[in-house]
Amino acid sequence: MSRQESWFIARARRRFAMTRECSLLLPRVCAALADPRQPGSDDTCLEKLLDWFRDLTEFDPTAELVQDNPCLTEFITSVLALPEPSPSILSFTLRLAGILAASENRFQHLQEKLLVRLFGRDGPLNSALWEDASVRSGWVEGVHSMMHHQPALHFLCDGGGIDVIFTLQGDPSLFVASAASQLLVHMLTLSVESETTKPLSTKDWDWPACAQMIIKHIEDSLQSSSSSHIEQSLKLLTSLFGSCRATWTEVLWLGIAKQIESFLTEETVQAQQMLANLLLNMAWSPVFCDTEGGFWALVTSALEHLTPVQAGPLAVGLLRFYKCPQDVRIQALTVLLQPMDCILRAASQPLEYAGLLDESVSDPATVESLLSSKSSCVSLLCQTLAHLEELLSLIHLPVDLPYTSLLHSLMTILQFCNGFLSPASPLGSTISRILINCFRVQMSALDALAALSERKGCDTLLGSLFDILLAYLESPNTSPTVLKKTFQATSKWLVRLQELSCSNSQWQQTEKILEDVFLVLQKRLCSPCWEVRDSSLEFLTALIKCLRDQDEFRQSLLSSEVLRLTENLLEDPESYVRASAVTAVGHLAFITYFAPESPAIGNQYNKENTVAKLQEILSTDPEGFPRRAVISIFIKWLRQGCTGQLEDTERFVSRVIQTVEHDLDWEVRLGGLELIEIFCSQTICQLGLPKCPYAPVSSAVTSSIHQNESLHIFCRAKVFNFLFQSLCDCDQPVGQRACDILLGLRCNFYPVSTLKDSQGAEDSRAGRSIAWLQRTLRQGSLAQNFPTDGGNGVDFQDPESMLLALGTIDLEELHDELNKSSDHVEKSPQSLLQDILATVGTIEENEADCY
């Protein structure tokens, strides 16, 4: 062990050691918890108490904790002696004992007296309390906690406890059943990795005793006629192969592979979906993915025999896996695309477009049958479309998809859903009736369509695609949720269209589509449904972000009524819409008057009016969302240098922060601080003051001039007033951000070696006021009557005073205090123990503060 590791462990032991105050409280807590006359303690307190004991035992494997605190063993003994302990206390006791027995030293100390009575046949296993799921859960968790060494493993296996775990795999409580399965995985791994001395083979006697018991149970369950037993073992194996990558897992697999393979052809087994999960976990394990023959042949067989719904997750998982063999990848892709191919073939008779597949992996009649049923059709298509979106969203796709045919199949589904397609085939007519106005399939198809916009090769269908999208945007039958998805897909494809028009000069098609889009948008902005108005504004903002530099887009936008309608929505009765309108207007400004050659489109759109309207919203809107949107836009404008010269920016920032400093919404105040941070950084950069105190400057005189100038600017803008006031804000993030900004400013104005001595500074009048300010700041959010107007002699607009404040106030101390958790006292173990004493009635008429 290195010196650094030793130091870390020693420090951790000191940190999690039992304090004297806690050691005095713990006996009273144990006595109160074991007393059946006391009301039950809060479960949250008990959970936190267990967390504390985990921390205490994690870095100290010795038995000192149990030896120095005999009240712990006395508590366990007292609970076991009760004729009918409460289920919650018994569950807590089982889990506590498991935590204490996690080290071999403490296990040996506890074993003779208590562990047999807790986890053996004579314990809760044979009592009426075992019927309570919380007791069974506590038993499993306790065993899992102690299972870190061979003595615990032998104790459980030799005492028959492992048979209890086998039974709990089928527990009616899913939580208990899952915990039991995870425990068996942990025990099997511990047994093999701690007790094996030579490489394993498939012979029984090569496995350690405990591992052999678990493996025999798995094999017997897989060969049983009980489908529940088979499913339990498949879950266990899935978890094992997903978490363990050791080579011995291949030895285990070779013994059960034939039985697993037989499940693919046995119709009586109802665990095919678990087989897909099992094979996928194995494929990601280096133990199996690098092998040839057997395993990948089984994967191929699974793709052939599982139903399309069952095989879908397996197929998409394999397609994401770069080490998947090419022939298996092609087969997985065929499984995934088969429903889309069936849609294409059902849409027209004879087939006008080439299908996606040359041949099928499974019987096409199976897919056709699923698509002919309403329930299975919708679920199959939604699953397939979700998997396609998942693949298309990958940056590097490990497989080539037929993008043009895939786009056509998505367009066909959307046409089926809105009734714009009249197929001639009987299957197509059935699918059309099922999908009409099916919003689940519509949204899934639109998500996949949006993801497909990033791929090349779909240029020939763009005209038809926008016809379908516009039909959805115009249709009164399109629900608000589907409309939102349509807007998102349309924005993605408009960006793609612009890229193509720049490369192949398709100006006329682009202009026509943009004109049609803005006509529809104008109608939607006037919708009586607020969700539609909101989605329309979000769509407009998304377009501006991506296309504001494109001439065709700007011309189409400015020639429409969209700008006027958007500005009208600043007064919408719905706050969400007003917030989206603020964001849209803020982005429109980049086109209307922040662009190098902004168009002259009338006084109602001039910059001053827009800024005034947004500032009015910031100061008067009763809802927080629009005000947050305004401060976000102002931050964006300032960050991108859109607020004019330094003098204009100073006046702008000053007006904004004088508004937000009194805002009741902490996120608005936090936004005001971000605005200040950007303003200060830009001002310092423009005046040439170095950001680092050690950076070279042209001369000391120049540096001093720039320093004075920047200080005057910050004082005139009332920056320091807001910053120091925010240090006492009742919302912690605001105080933290203000302190960080002040520390940054001090770094700019003061090299470390020139910080003032606060004691000496108090001799001046300004020094006394700053000393008073520091005492006030130490009160934090409890400070009252904070001086915001020069009270108590603090002049926040005096550069000399503010320079002195930056140099003398202990900002590091304030930073440490502000970064403490607001409940750091209440989270202490001592406070927790006091809470438990309060809740169980030892302290009368006192409520727990553990929340």
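Note that this is a predicted model, so its numbers are computed, not measured.

How each quantity is defined
Residues numbered from 1 in each chain as written. Predicted model: local features only at pLDDT ≥ 70, side-chain atom pairs only at ≥ 80, totals over all residues. Heavy atoms only, no water. Helix = DSSP H or I, 4+ residues; strand = E, 2+ residues; numbered from the N terminus. Buried < 20%, exposed > 50% of the residue type's maximum accessible area, 1.4 Å probe, protein only. Contact = heavy atoms within 4.5 Å. Areas by Shrake-Rupley, 256 points an atom, 1.4 Å probe, with all protein chains shown as cover. Core = buried A, V, L, I, M, F, W, Y, C linked by side-chain atoms within 4.5 Å. Arc of directions from axis to C-beta. Expected span 1.5 Å × (residues − 1). Phe/Tyr/Trp six-rings, centres within 6.5 Å; stacked < 30°, edge-to-face > 60°. Axes fitted to C-alpha atoms, helices over the stretch in contact; angles between N-to-C directions. Parallel < 35°, antiparallel > 145°, perpendicular 65-115°, else oblique. Left-handed = near helix turned anticlockwise from the far one by under 90°. Salt bridge = Lys/Arg side-chain N within 4 Å of Asp/Glu carboxyl O. pLDDT = per-residue confidence, 0-100.

Here we look at the overall build of the protein chain
- From N to C terminus, the protein chain includes 43 helices and zero strands.
- For the protein chain, the proportion of its 851 residues judged to be buried stands at 53%.
- Long-range pairs, those at least 24 residues apart, make up 72% of the contacts in the protein chain with a sequence separation of at least 6.
- For the protein chain, the accessible area works out to roughly 39300 Å², and carbon and sulfur atoms hold 50% of it.

Details of the nonpolar core
- Within the largest apolar cluster, 284 residues are counted, with the highest numbers of intra-cluster contacts made by Trp139, Met187, Leu318 and Phe724.
- Here this core gets eleven residues from one element, more than from any other, and that element is helix α19 (residues 326–347).

Considering helix α29 (residues 551–558)
- Here α29 has its buried residues at Glu552, Phe553, Ser556 and Leu557. Along α29, the residues classed as buried sweep out an arc of 125° about the axis, all on the same side.

Observations regarding helix α32 (residues 607–620)
- Taking 1.5 Å of rise per residue, the 14 residues of α32 would be expected to cover 20 Å, and the 20 Å separating its terminal C-alpha atoms lies within 8% of that figure.
- Thr610, Val611, Leu614, Gln615, Ile617 and Leu618 are the residues of α32 that are buried. Looking down the long axis of α32, one finds its buried residues gathered within 155° of arc, a one-sided arrangement. Residues of α32 that are exposed and point more than 90 degrees away from the buried face comprise Glu608 and Thr620.
- The inward-facing, buried residues of α32 contact α31 (575–592), α33 (624–639), α34 (646–660) and α35 (666–687).

Side note on the packing of aromatic side chains
- Scanning the entire structure with this criterion turns up 23 aromatic pairs.
- Where phenylalanine 518 meets phenylalanine 553, the ring centres are 5.8 Å apart and the plane angle is 45°; that geometry is what we call tilted. Of this pair, phenylalanine 518 sits in helix α27 (residues 507–525) while phenylalanine 553 sits in helix α29, and the two are 35 residues apart along the sequence. Phenylalanine 553 shares its class with phenylalanine 518; the two are buried.
- An aromatic cluster of three or more residues is present, and its members are Phe679, Phe714, Phe720, Phe724, Phe749 and Phe796.

A closer look at the packing of helix α28 (residues 530–547) against α31
- Across the interface, α28 lies against α31 with an axial gap of 9 Å and an inter-helix angle of 25°. With respect to α31, the axis of α28 lies roughly parallel. Where α28 crosses over α31, the two elements pack in a sense that is left-handed. Across the interface between the two elements, Trp530, Arg533, Asp534, Leu537, Glu538, Leu540, Thr541, Ile544 and Lys545 from α28 touch Tyr576, Val577, Ser580, Ala581, Thr583, Ala584, His587, Leu588 and Ile591 from α31.

Quick word on the pattern of salt bridges
- Tallied over the entire structure, the rule returns 28 salt bridges.
- A salt bridge links aspartate 459 to arginine 496, with the nearest nitrogen and oxygen atoms 3.6 Å apart. Here the residue aspartate 459 occupies a position in the loop between α24 (439–452) and α25 (462–474), and arginine 496 occupies one in helix α26 (residues 480–504), the gap between them amounting to 37 residues.
- When its relative accessible area of 39% is taken as the criterion, aspartate 459 is described as partly exposed.
- Classification of arginine 496 by relative accessible area gives buried; the value is 9%.
- One salt bridge connects arginine 578 with aspartate 621, and the closest N-O pair in it is separated by 2.7 Å. Of this pair, arginine 578 sits in helix α31 while aspartate 621 sits in the loop between α32 and α33; the two residues are 43 residues apart in sequence, bridging distant segments of the chain.

Topic: the side chain of serine 491
- Following the sequence through the fold, serine 491 ends up in helix α26.
- Residue serine 491 is classed as buried on the basis of its relative accessible area, which comes to 11%.

Thoughts on the confidence of the model for the protein chain
- Overall, the predicted model of the protein chain reaches an average pLDDT of 85, with 84% of residues at or above 70.
- Summarising per-element confidence for the protein chain, the mean pLDDT is lowest in helix α39 (residues 758–761) (47) and highest in α28 (97).

Some words on the environment of glutamine 259
- As for its position among the elements, glutamine 259 is in helix α14 (residues 248–262).
- Judged by its relative accessible area of 25%, glutamine 259 falls in the partly exposed class.
- For the pair glutamine 259 and glutamine 223, spaced 36 residues apart in sequence, the C-alpha to C-alpha distance is 7.3 Å.
- Not counting residues up to four positions away in its chain, the partners in contact with glutamine 259 are Leu222 and Gln223.

Focus on unusual backbone geometry
- Its identity as a non-glycine residue notwithstanding, asparagine 437 has a phi of 60°, on the positive side.
- Relative to the elements of secondary structure, asparagine 437 occurs in the loop between α23 (426–435) and α24.
- Residue classification places asparagine 437 among the exposed residues on the basis of a relative accessible area of 52%.
- The phi dihedral of lysine 718 is positive, around 60°, even though this residue is not glycine.

Comments concerning the packing of helix α11 (residues 174–195) against helix α12 (residues 209–223)
- Between α11 and α12, whose axes approach to 8 Å, the crossing angle comes to 140°. It follows from the interaxial angle that α11 and α12 lie oblique. The handedness of the crossing between α11 and α12 is left-handed. Along the contact surface, α11 presents Leu184, Met187, Leu188, Ser191 and Val192, while α12 presents Cys210, Ala211, Ile214 and Ile215.

Brief notes about the environment of aspartate 158
- In this fold, aspartate 158 is placed in helix α9 (residues 150–158).
- Classification of aspartate 158 as exposed rests on a relative accessible area of 67%.
- Residues aspartate 158 and cysteine 210 lie 52 residues apart in sequence; the distance between their C-alpha atoms is 9.0 Å.

Here we look at the environment of leucine 190
- Looking at where leucine 190 falls in the secondary structure, it is placed in helix α11.
- Between the C-alpha atoms of leucine 190 and histidine 149, which are 41 residues apart in sequence, the distance is 7.8 Å.
- Non-local contacts of leucine 190, meaning those with residues more than four positions away in its chain, are made with Met147, His148, His149, Leu153 and Glu195.

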